[in-house]
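Notes for the structure review
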Amino acid sequence: MPLSSVPARLTLLALLSATTFYCFYKSRRLKQLKLSLNPNPSPSPRKGKLFFISQTGTSKALAHRLLDLLTSNDLAFDLVDPNHYEPEDLPKETLVLIIASTWDDGKPPANAKFFSNWLAESAEDFRVGSLLLSNCKFAVFGVGSRAYGATFNAVGKDVAKRMRALGASEIFSIWEGDVDGGDIDEVFEAWSGKVLRFLKGDDDDEEEDDVESEVVDLEDIAGKGPSRRRTVTVTKTNGMVNGKKEMVTPVIRASLVKQGYKIIGSHSGVKICRWTKSQLRGRGGCYKHSFYGIESHRCMETTPSLACANKCVFCWRHHTNPVGKSWQWKMDDPLEIVNSAIDLHSKMIKQMKGVPGVTLERLTEGLSPRHCALSLVGEPIMYPEINALVDELHRRRISTFLVTNAQFPEKIKMLKPITQLYVSVDAATKESLKAIDRPLFGDFWERFIDSLKSLKEKQQRTVYRLTLVKGWNTEDIDAYYNIFSIGNPILLKSKELHIVDRLLHQS
Ligand SMILES: Cc1cc2nc3c(=O)[nH]c(=O)nc-3n(C[C@H](O)[C@H](O)[C@H](O)COP(=O)(O)O)c2cc1C
Ligand code: SF4
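Residues numbered from 1 in each chain as written. Chains lettered and ligands numbered in written order. Predicted model: local features only at pLDDT ≥ 70, side-chain atom pairs only at ≥ 80, totals over all residues. Heavy atoms only, no water.

Where an unreviewed UniProt entry is consulted, the protein appears under the name tRNA 4-demethylwyosine synthase (AdoMet-dependent), with the organism given as Prunus yedoensis var. nudiflora. In the Pathway (unreviewed entry) part of its UniProt record, the protein is described as follows: "tRNA modification; wybutosine-tRNA(Phe) biosynthesis." Here is the UniProt Sequence similarities (unreviewed entry) comment for the protein, exactly as written: "Belongs to the TYW1 family." (UniProt positions renumbered as here; feature names shortened; annotations may be inferred.)

What follows is the structure in structure tokens.
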């Protein structure tokens, strides 16, 4: 029968329809069969959660770094700010990583107050039970500073303790990063590598046994890896150079560079100040210009120590400053610091070429600084070679303006005469000084008073630099008057001039 005939076409159509129907029927049947074999297909597994407990962003930045690593290894995690997380959902989690910083007296940052309280209350509530988080495996990395002694990484430790009390299994004991120790990046990297190996089911740490440093206890969890307790040594360089730590860690360096600092060697910095730029453009200079005729476009702002012994509330570096009670870092040569500071300063001046208002004459003048403000940030007199550095500046006929934060009276005594010596007076009472400067020294008040006394003994121009912060230290005028009589400075400098006016009237 030819295909062109009508009956043949009808037969073909019927055949095709029957085949299509059969295929459709078979595929549905197969699906139904699969479903009946597996009546509860498991829902896609819940993504791991990566929490950051952070106030000024250090832990958050580390969490981002880990997230990138996990993602590039096809491990799905949600980055979680505990402030936007419902802790009642914790029992549903199966895998939790927590990077936690610690703040005042061991307290958690604001973004984890509720979360920490919830954990503490649940762990202490006998009705909740110790199996609440029994589906959850977790690991904690603490971000803190050893300079805070007993409360070092208190939050991370507390979170881990509460999670364990609620039945969660700790993949391995908390690792502790010290932001002032110079090696937090290396430690975090080692921890991240360990987390990754665990998640990939390749938790063999024997390969790390080659390095001498810190010993970390490992408590492997049941069901994953061997259950015996092991000790491993961690690969880390400690940021050591010739047996001494570098002051500026990669984290601090990145933060300072972002804020426009040029880092010199391992502990110094230089930055072009806004008044220098302003006067290069033919506009106003800073108060030194108004008071002493100093030309701001010929002034270089630098410091030989980015570290200090405080964590002042108003410090412009978001508290990323390295801290210490004494010099404990690798030390650069004073001549190299001065050479590099002038070199980097000149480069920044040259970048002003072509900016509206900048004349060739002022630009040329700016390239040979006549004044140096040793006040950029940190505590310049912590640098053990401060006298040699000041000598080098004076030899080049550069005048010096040094600001100290009044915690090293013995260093003030040892300091050679400089052009103008400033002491930061951040408060006039012990309580407010503690609240504002958040000093590391227990005897901070005695050091402060002794510094003022040392100032009085200096046979040179001395200045109190008052940083008056409304609501913190602007109340007690009588106390300021007492402080004023101890150091008897030649000048006062403040950001809130009406207070200074009143002081000067009383004196
Ligand atoms: C005022 C203040 C108090 C601090 N208190 C502690 C502390 O008690 N224990 C600790 O280990 N670290 C302490 N630190 C160090 C912080 O944990 C450290 O600066 C950390 O990098 C902050 O991390 P974040 O930026 O993620 O908040 C304190 C820091 C500041 C500025
Ligand atoms: S003393 Fe200076 S550098 Fe140190 S925290 Fe205070 S403001 Fe910052």
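From this point, the discussion proceeds with the structure in view.
Around ligand 2 lies a shell of 10 residues, among which Cys308, Cys312, Cys315, Gly378 and Asn405 are the nearest. For the shell around ligand 2, the class distribution of residues is 4 nonpolar, 4 polar and 2 charged. (Near = heavy atom within 4 Å. Nonpolar A, V, L, I, M, F, W, Y, C, P; charged D, E, K, R; others polar.)

A word on the pattern of salt bridges. All chains considered together, the criterion is met by 16 salt bridges. Between Lys49 and Asp78 there is a salt bridge, with its nearest N and O atoms 3.3 Å apart. On the criterion of sequence distance, the pair formed by Lys49 in strand 1 (residues 48-53) and Asp78 in strand 2 (residues 77-80) is long-range, its members being 29 residues apart. Accessibility expressed as a relative area gives 9% for Lys49, which makes it buried. In this structure Asp78 comes out as partly exposed when scored by relative accessible area, which is 26%. Of the charged contacts in the structure, one is a salt bridge between Lys416 and Asp391, with a shortest N-O distance of 2.6 Å. Of this pair, Lys416 sits in the loop between helix 12 (409-414) and strand 16 (420-425) while Asp391 is found in helix 11 (residues 386-395), placing the two residues 25 residues apart along the sequence. The class for Lys416 is partly exposed, based on a relative accessible area of 36%. (Salt bridge = Lys/Arg side-chain N within 4 Å of Asp/Glu carboxyl O. Helix = DSSP H or I, 4+ residues; strand = E, 2+ residues; numbered from the N terminus. Buried < 20%, exposed > 50% of the residue type's maximum accessible area, 1.4 Å probe, protein only.)

Now for helix 3 (residues 113-124). For an α-helix, the turn length of 3.6 residues means that residues three or four places apart are oriented alike. Between the first and last C-alpha of helix 3 there are 16 Å, a value that for 12 residues agrees with the 16 Å anticipated at 1.5 Å per step. Within helix 3, the full set of buried residues consists of Phe115, Ser116, Trp118, Leu119, Ala120 and Ser122. (Expected span 1.5 Å × (residues − 1).)

Glancing now at the layout of surface pockets. Volume-wise, the second largest pocket comes out at about 780 Å³. Forming the boundary of the second largest pocket are 36 residues, of which Thr102, Trp103, Asp104, Tyr148 and Lys311 lie nearest the centre. Looking at the lining of the second largest pocket, the elements that each hand over two or more residues are helix 2 (58-72), strand 4 (137-144) and helix 6 (250-258). Counted by class, the lining of the second largest pocket contains 12 nonpolar, 18 polar and 6 charged residues. Shared between two domains, the lining of the second largest pocket takes at least three residues from each, and those domains are domain 1 (48-238) and domain 2 (246-506). (1 Å grid on protein atoms, 1.4 Å probe; cavity = no way out; pocket = protein on both sides within 12 Å on 5 of 7 lines; lining within 4 Å. Points joined across faces, edges and corners; volume = space filled by probe spheres on them. Domains from an automatic or database assignment.)

With that settled, the discussion passes to the environment of Gly378. Note that Gly378 resides in the loop between strand 14 (371-374) and helix 11. With a relative accessible area of 23%, Gly378 lands in the partly exposed category. Separated by 25 residues in the primary sequence, Gly378 and Val403 place their C-alpha atoms 9.4 Å from one another.

A separate point is the confidence of the model for the protein. When pLDDT is averaged along the protein, the result is 80, and 75% of the positions lie at 70 or above. With pLDDT under 50 throughout, residues 29-42 is counted as low confidence; its partners more than four residues away or in other chains account for 0 contacts. Residue range residues 206-239 is modelled with pLDDT below 50. Its contacts to residues more than four positions away, or to other chains, number 75 contacts. (pLDDT = per-residue confidence, 0-100. Contact = heavy atoms within 4.5 Å.)

Moving on: the packing of helix 14 (residues 444-457) against helix 15 (residues 477-487). Viewed as axis vectors pointing N to C, helix 14 and helix 15 meet at an angle of 50°, and their least axial separation amounts to 6 Å. Relative to helix 15, the element helix 14 lies oblique. Where helix 14 abuts helix 15, its residues Trp445, Phe448, Ile449, Leu452, Lys453, Leu455 and Lys456 lie against Ile483, Ser485, Ile486 and Gly487. (Axes fitted to C-alpha atoms, helices over the stretch in contact; angles between N-to-C directions. Parallel < 35°, antiparallel > 145°, perpendicular 65-115°, else oblique.)

Time to look at the site of ligand 1. Around ligand 1 sit 23 residues, and of these Ser54, Gln55, Thr56, Thr102 and Thr151 come closest. Trp103 is positioned such that a nitrogen or oxygen atom in its side chain is 2.9 Å from an oxygen atom of ligand 1. Against a free-state accessible area of 630 Å², the protein chains account for coverage of 99% of ligand 1. Spatially, ligand 1 is embedded in the second largest pocket. Split into classes, the residues belonging to the shell around ligand 1 amount to 5 nonpolar, 14 polar and 4 charged. Viewed by domain, the shell around ligand 1 spans two of them, domain 1 (48-238) and domain 2 (246-506), each represented by three or more residues. (Polar contact = N/O pair within 3.5 Å; in protein donor to acceptor, adjacent residues only side chain to side chain. Areas by Shrake-Rupley, 256 points an atom, 1.4 Å probe, with all protein chains shown as cover. Sits in = over half its atoms within 2 Å of the grid points.)

A few words on the pairing of strand 16. Along strand 16, 6 of the 6 residues are buried, which leaves the element largely enclosed by surrounding structure. Covered by surrounding structure in strand 16 are Gln420, Tyr422 and Ser424 together with Leu421, Val423 and Val425, the residues of both alternating faces. Sheet topology places strand 15 (residues 399-404) next to strand 16; 4 bridges connect them, and they run parallel. Each bridged residue has a counterpart across the sheet, and for Val403 the counterpart in strand 16 is Tyr422. With helix 12 bridging strand 15 and its parallel neighbour strand 16, the resulting β-α-β unit is right-handed. When strand 16 meets strand 17 (residues 462-466), the two strands line up parallel, connected through 5 bridges. The residue bridging Tyr422 from the neighbouring strand is Val463, located in strand 17. (Pairing = 2+ DSSP bridges. Right-handed = clockwise from strand over helix to strand, strands pointing away.)

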